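Okay, here's what each chain looks like letter by letter:
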Amino acid sequence: MKKARKEPELTVELKRQEWEMALEGECVLHCVLTWPELTGTWKGIGAINRYYIHAAEIWRRRWERELFCMACLDLADRRAQGRPFRVWKAELETQITLQENGLLSLWQEGRECRGYDQTQILRRGDTWSLSDGAPRTLASFFVKERHWKKRLIQQVEKQMGERLNSGESLLDEDCVKRLKREFDRENFYLTADGIQLFFPLYALAPGAEGIPVFAIG
């Protein structure tokens, strides 16, 4: 009798770095950076780790150069006008959403709180094949379905209507009309409940709604 093939091992740890940047002894920017680090026997682990290390460095460089300079200018301007200064904050949050069947899925959300201004939020979803370290596209989950995009949009339209009718959502009244224009096949991740489609902040609703997410069965 043939023995069942043992699945390769995988452990995912979230690495975290936190630091502050100051001007003339006063903190102007507080940073928190997280990214996944994979260990195990899957062949694609090395490629995935390299990707996230590189991505984390891109965020770090942005914060330590562009964002820090902007925060310093804000501090100088407020000092000159005798107004209070609020420390700027930058964070990259990482959430693992699925880790099974040779797949790893997660989202990362970059947030920049620029003093008293409204927080800027950018989310990215990634789904990886652990066997080769290659990203999975949304279309790859519907290879046998010709009109998969149309079906997904219809499901989102239905959920939008339900949320608007319930009165519990802050989605814009014309969100259904704008759905096709705002739909981006790269904005997804997986959970145990299936595919989660999301839309950028402000694309379909005011900022108070957060990132709109819709589950696809």
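Residues numbered from 1 in each chain as written. Predicted model: local features only at pLDDT ≥ 70, side-chain atom pairs only at ≥ 80, totals over all residues. Heavy atoms only, no water.

Peer 1: I tried to follow the packing of aromatic side chains on my own but got confused; where do I start?
Peer 2: By the definition in use, this model includes 9 aromatic pairs. Arranged with centres 5.8 Å apart and planes meeting at 55°, the rings of W59 and W63 form a pair that is tilted. One end of the pair is W59 and the other is W63, both in helix α1 (residues 45–81) and 4 residues apart, which spans about a single turn. Both residues of the pair, W59 and W63, count as buried. Between the aromatic rings of F142 and W148, the centroid separation amounts to 5.4 Å while the plane-to-plane angle is 0°, which identifies the pairing as stacked. (Phe/Tyr/Trp six-rings, centres within 6.5 Å; stacked < 30°, edge-to-face > 60°. Helix = DSSP H or I, 4+ residues; strand = E, 2+ residues; numbered from the N terminus. Buried < 20%, exposed > 50% of the residue type's maximum accessible area, 1.4 Å probe, protein only.)

Peer 1: Can you help me understand helix α2 (residues 148–166) in this one?
Peer 2: The α-helix winds at 3.6 residues per turn, so residues separated by three or four positions along the chain end up facing the same way. Taking 1.5 Å of rise per residue, the 19 residues of α2 would be expected to cover 27 Å, and the 27 Å separating its terminal C-alpha atoms lies within 8% of that figure. Within the span of α2, buried status applies to W148, L152, I153, V156, Q159 and M160. End-on, the buried residues of α2 take up no more than an arc of 130°, which puts them together on one face. The exposed set on the far side of α2, more than 90 degrees from its buried face, consists of K150, K158 and N165. Where α2 ends, the next residue or the one after it, G167, has phi of about 75°, a positive value. (Expected span 1.5 Å × (residues − 1). Arc of directions from axis to C-beta.)

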